[in-house]
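Summary of structural features
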Amino acid sequence: MLSFIVRRLAILVPTFLGVTFVAFILIRLVPGDPIEMMAGERGVDPARHAMLMTQYGLDRPLVVQYGIFLGHVLSGNLGQSVVTKQPVLTEFLSLFPATVELSLAAMLLAILVGLPAGILAAVKRGTPLDHLVMGASLTGYSMPIFWWALLLIIVFSGMLGWTPVSGRIDLLYYFDQPTGFMLIDSLLSDEPVDAFLSALSHLALPAIALATIPMAIIARQTRSAMLEVLSEDYVRTARAKGLSPLRVVGLHALRNALIPVITVIGLQLGTLFSGAILTETIFAWPGIGKWLIEAIGRRDYPAVQGGLLLIAVTVMLVNLAIDLLYGLVNPRIRHGG
Amino acid sequence: MAAAELPDDTLAGKGRPPGPLAEFWHYFSANGGAVAGLVLIALLFLGSILAGFVAPHDPAEQFRDHILSPPVWQAGGSGSFLLGTDAVGRDILSRLVFGARYSLLIGSIVVSLSLCLGVVLGLLAGYAGGIVETIILRLMDILMSIPALLLAIVVVAILGPGLINAMIAVALVSLPGYTRLTRAAVLAEIRRDYVVASQVVGAGHLRLMFMVILPNCAAPLIVQASLGFSDAILNTAALGFLGLGAQPPASEWGTMLADSREFVLRAWWVVTFPGLAILLTVLAFNLLGDGLRDALDPKLKRS
């Protein structure tokens, strides 16, 4: 197991270096140099420009600049936002829990609906129910979620008036946020019930919008994995033994069908973040996605650079964790390759 | 001799194996969804070519007396604006019809760009192996470790917003899919006898790569290209929605949605129809892709 972990980490190193290089070089592809960028529309006079170039090390060779950048990144220094003058890492970390909360809620919803729907479609193969699930899944998979989010707002906020349109909680409630997760922090506040319900009603629509695509993919994948497993000999044996259908499907088949499904869930992470950018923008959800879009709008390049890097590293680390988990569960993977 | 005189539709004619195209159509047409997708795509192409004749109005013309006029079936709707008008009085149906041009053009250009580049990189990686393969695969790993839409957004932020830059960005993020798919297909083919035979006869590297191996990797690439259309349309529309793609007053569907966001609670039709157009187009390409996969995959055919 240890050699497996070391191998996986070794693969990660060149990718990490590559991502840092991409983040480093992208910001230098922006028209104008970083000093002009920081000065903004006021501009700087040539003498001060040259001084600043030396001060920031921008007159040195690109390779040296990259080395310095990498050193800073490894020591946790991702630069300062041009607009707020806050360290990028601090801003990122203060908004990160909001995105994690939204993504976890969406993923949970996707699994809770997608998994049973896929199992049901496989067991009832060829019936109208199967067609319904597959049709809904294909539609969900093709959904432009920025439009879907607007439709949800039209119906649930506009026509029915059930849910608020934006934010994480009513402005009425103000309390400390030790965990950064609104659902948990609201329970710890002075008015746990009301605050929790408010947080939940703010979370509902964004989570549904963000859950749609993973839900569709999980349902599809579960169905095809289940169909494959249900035709295996050991399932027939289990049936022949006289086990109840529920036991055969729920215990014998599902356990093996879950392996590819878990992989697919892991692979949804990048997609989930892409979706979070759109969902957060539409629902004014104060997370990383909205922050990045605003940073791009304000031409706050250090924030964009740092955010890009941190998100890529987060995706890499979660993928690594899933890989390791997978190796732990499935010995064939650990010892092969 | 007698058999040769028989007309084609007798036993002798039926015994002949069907051509590859006829066989493909046999499997493809058995899939109702795929045919529906194909029909919808054909209609879209037709509609966008003939947009000038099909659309009732000029997509940019502003009818000042009909601002935010609802669709025809709703109270206050007008018969000359079937799907209503937007906030400056432009006919939504006409804008949608002309918008189909954008979506199909975006899909075609993005898929061609990423397919061509991805195929070349994948062929190189699979054929050359060694250090070339490692470098190409690591590059693709880097591209894939950044969420697709985020990478596209950052690329557009640097190149500047606009339709062309958005398409370049979307083509870039779909590159790894084609590269990895081509490489995998090449690895499956390269040890086959027919490749070795061509090599023995003296075919050069380029000939082996493009003329011998590539045609036999076509099936998964065709499927991926069809599915790639939907990704391209979705991602470019998302960029348009975020204000980074086609710029107003272009009637690109994502841009139309961005324009109408503030009316979401006042005029549902301004928001609903452009999104519905995106959904149906993407759905059609996904149906087509699924149908192509089933028809081209020999493993599935037999079952």
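Residues numbered from 1 in each chain as written. Chains lettered and ligands numbered in written order. Predicted model: local features only at pLDDT ≥ 70, side-chain atom pairs only at ≥ 80, totals over all residues. Heavy atoms only, no water.

The biggest cluster of nonpolar side chains holds 137 residues, and the ones touching the most others in it are Phe146 of chain A together with Leu150, Ile153 and Leu239 of chain B. When residues of this core are assigned to domains, at least three map to each of domain 1 (32–77) and domain 2 (90–336) of chain A. In contact with Leu239 of chain B, not counting residues within four places along its chain, are Leu149, Ala152, Ile153, Val156, Ala166, Val170, Leu244 and Gly245 of chain B. Ala106, Leu203, Val229 and Leu230 of chain A belong to the second-largest nonpolar core, a separate cluster that totals 30 residues. (Core = buried A, V, L, I, M, F, W, Y, C linked by side-chain atoms within 4.5 Å. Buried < 20%, exposed > 50% of the residue type's maximum accessible area, 1.4 Å probe, protein only. Domains from an automatic or database assignment. Contact = heavy atoms within 4.5 Å.)

Moving on: the UniProt feature "transmembrane region" (unreviewed entry) in chain A. Residue and element names in this part refer to chain A. Annotation from UniProt places "transmembrane region" (unreviewed entry) at residues 9–30, 102–123, 144–165, 195–218, 257–288 and 308–329. Summarising residues 144–165: 68% helix, 0% strand, and an end-to-end C-alpha distance of 19 Å. Within the segment residues 195–218, helix and strand shares are 100% and 0% respectively, and the terminal C-alpha atoms sit 32 Å apart. (UniProt positions renumbered as here; feature names shortened; annotations may be inferred. Helix = DSSP H or I, 4+ residues; strand = E, 2+ residues; numbered from the N terminus.)

Our next topic: the UniProt feature "transmembrane region" (unreviewed entry) in chain B. Here, UniProt's "transmembrane region" (unreviewed entry) annotation points to residues 34–55, 104–128, 148–173 and 267–288 of chain B. Annotated as residues 148–173 of chain B, this span is 88% helix and 0% strand, and its ends, taken at the C-alpha atoms, are 6 Å apart.

A separate point is the interface of chain B and chain A. On the chain A side, the residues contacting the 35 residues of chain B number 42 residues. For the pair chain B and chain A, the summed buried surface comes to about 3,400 Å²; carbon and sulfur atoms form 82% of the total. Area buried by chain B at its contact with chain A is led by Leu150, Ile158 and Leu279 of chain B, which between them contribute 16% of it. Across the chain B-chain A interface, the total number found is one salt bridge. The tally of links between chain B and chain A comes to five residue pairs in polar contact (both at pLDDT 80 or more). Secondary structure elements with two or more residues in the side of chain B that touches chain A: helix 7 (130–145), helix 8 (148–159), helix 13 (218–241) and helix 15 (268–296) of chain B. For the side of chain B that touches chain A, the element with the highest residue contribution is helix 15 of chain B, accounting for 13 residues. (Buried area = accessible area lost by both parts, 1.4 Å probe. Salt bridge = Lys/Arg side-chain N within 4 Å of Asp/Glu carboxyl O. Polar contact = N/O pair within 3.5 Å; in protein donor to acceptor, adjacent residues only side chain to side chain.)

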